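Observations on the model geometry
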Amino acid sequence: MGSKEEHHDIVIVGGGICGLATALALHRIRDMWLHKNKLQVTSCRKEELRCLKRSDLIETLAKNLPTQSVRFGCQIVAIESDPITSFPALYTNDGATIKAKVLIGCDGSNSVVAKSLGLQAPKVFPISAVRGFTSYSDGHSFDSHFIRLRGDGVLLGRLPVDEKLVHWFVGRLSPSQDSDVRKVPELIKEFTLETLREFPLEVIEMVKHCDSSSLSLTHIWFRAPWHLIFANFWQGTMTVAGDAMHVMGPFLGQGGSSGLEDAIVLARCLSQEMPMGPEGAIRDRELRRRIGRAMSKYVNQRRLRVMRLSAQSYLTGSVIVASSWAKKLVCLAILVVFLGGGLLSHTNYDCGSL
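Everything in this summary refers to the structure shown in the same document. Everything numeric here is computed off the predicted structure, so don't read it as measured data.

Calculation criteria
Residues numbered from 1 in each chain as written. Predicted model: local features only at pLDDT ≥ 70, side-chain atom pairs only at ≥ 80, totals over all residues. Heavy atoms only, no water. Helix = DSSP H or I, 4+ residues; strand = E, 2+ residues; numbered from the N terminus. Buried < 20%, exposed > 50% of the residue type's maximum accessible area, 1.4 Å probe, protein only. Contact = heavy atoms within 4.5 Å. Areas by Shrake-Rupley, 256 points an atom, 1.4 Å probe, with all protein chains shown as cover. Salt bridge = Lys/Arg side-chain N within 4 Å of Asp/Glu carboxyl O. 1 Å grid on protein atoms, 1.4 Å probe; cavity = no way out; pocket = protein on both sides within 12 Å on 5 of 7 lines; lining within 4 Å. Points joined across faces, edges and corners; volume = space filled by probe spheres on them. Nonpolar A, V, L, I, M, F, W, Y, C, P; charged D, E, K, R; others polar. Pairing = 2+ DSSP bridges. Axes fitted to C-alpha atoms, helices over the stretch in contact; angles between N-to-C directions.

1. Quick look at the overall build of the protein chain
Helix and strand counts for the protein chain stand at 10 helices and 13 strands. Counting every position in the protein chain, which comprises 354 residues, the buried fraction comes to 38%. Put simply, of all contacts in the protein chain between residues at least 6 apart along the chain, 66% involve residues at least 24 apart. Carbon and sulfur atoms make up 56% of the accessible area of the protein chain, which totals about 21100 Å².

This is the structure:
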């Protein structure tokens, strides 16, 4: 019998707790540049990365809420302050009125709550992003590395979810026909394949055989970093969190993570001020004061964090869309200020516990 020779960077002997845990911890980010049909590796760093489907995360979070906590098909069209209690009153598209002691706007970039607080409208980057999943029934051959491949005005990212499912995205300057194809999956695929025609065959095959139902083509919205400095993120007993507070481009991959941070910090601040149970019941005036104090603490604790993420994301996106190398170099020079701890230093952040 002939001998078989294999080559691997790291070999772990033993598949127990320690062996499996060690294998899961050895993730990398690999940046590559595609120039004249030749691939050049520009950097390779060890970092811990995990990829999951947004729908799985939302489903898991929703399952842990009490029954009927989530109301579907309820669109808020207006918000006012109740003339008697001064607490928020919400009006829905079906004519209903909802009164609340605390109102938290987590309603995305087009937030009704953010508008009620007087926040400036988000802006749009001249970049469109295609996202999708590709399933390999017999398993894929990709390493567990996060690959970022840059071409001429195009950025492709690829990260396996598991041994059979791969997540990928493609970013490029927005062409005028975006609005014509964004709602038709097959047109999105055709548009993406044309964008990637100079990329390696394995990339083209990945997009060609993707799950068409997973495809999305979107413009990238962001709240300008300089608007976050003095933005009024709370008023009375009303505040915002997540994209409603700090929608940013996907260039750092921190939009969802920062939303989870918001949830932890806000819940902690409210629990420190709100009474627990009937024995802690207090008058409305005192309750409004306590809620306001909690929201002030929440905003103060989050402002610098979201300002840094937003500024770093904005500068990273600006490097992509800059029309000249001079502008790119200026943006890169400013980025150095934010990257003192490394390219992924923004991920080494602890928002504290509940």
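Okay, back to it.
2. Quick notes on the pattern of salt bridges
Tallied over the full model, the rule gives 13 salt bridges. Of the charged contacts in the structure, one is a salt bridge between Lys99 and Asp82, with a shortest N-O distance of 2.9 Å. Of this pair, Lys99 sits in strand 5 (residues 97-99) while Asp82 sits in the loop between strand 3 (76-81) and strand 4 (88-92), and the two are 17 residues apart along the sequence. For Asp82, a relative accessible area of 9% corresponds to the buried category. The structure contains a network of salt bridges with shared partners spanning Glu261, Asp262, Arg302 and Arg305.

3. Examining empty space enclosed by the protein
Per the stated rule, a full pass over the model turns up one cavity of 30 Å³ or more. Space inside the largest cavity adds up to approximately 30 Å³. If you go around the largest cavity, the residues you meet are Phe125, Phe222, Arg223, Val247, Met248, Gly249, Ser310, Ser313 and Tyr314. For the lining of the largest cavity, the leading source of residues is helix 9 (residues 284-321), giving three residues. For the lining of the largest cavity, a count of residues per class yields five nonpolar, three polar and one charged.

4. A short note on the sheet that holds strand 3
In spatial order, the strands read 3-4-5; together these three strands make up an open sheet with antiparallel pairing. On the outer flanks of this sheet lie strand 3 and strand 5, each paired with one strand and no other. Adjacent strand axes in the sheet meet at a mean angle of 25° when their direction is disregarded. Bridge count between strand 4 and strand 5: three bridges; the pairing is antiparallel. Within strand 5, the residue paired with Leu90 across the bridge is Ile98.

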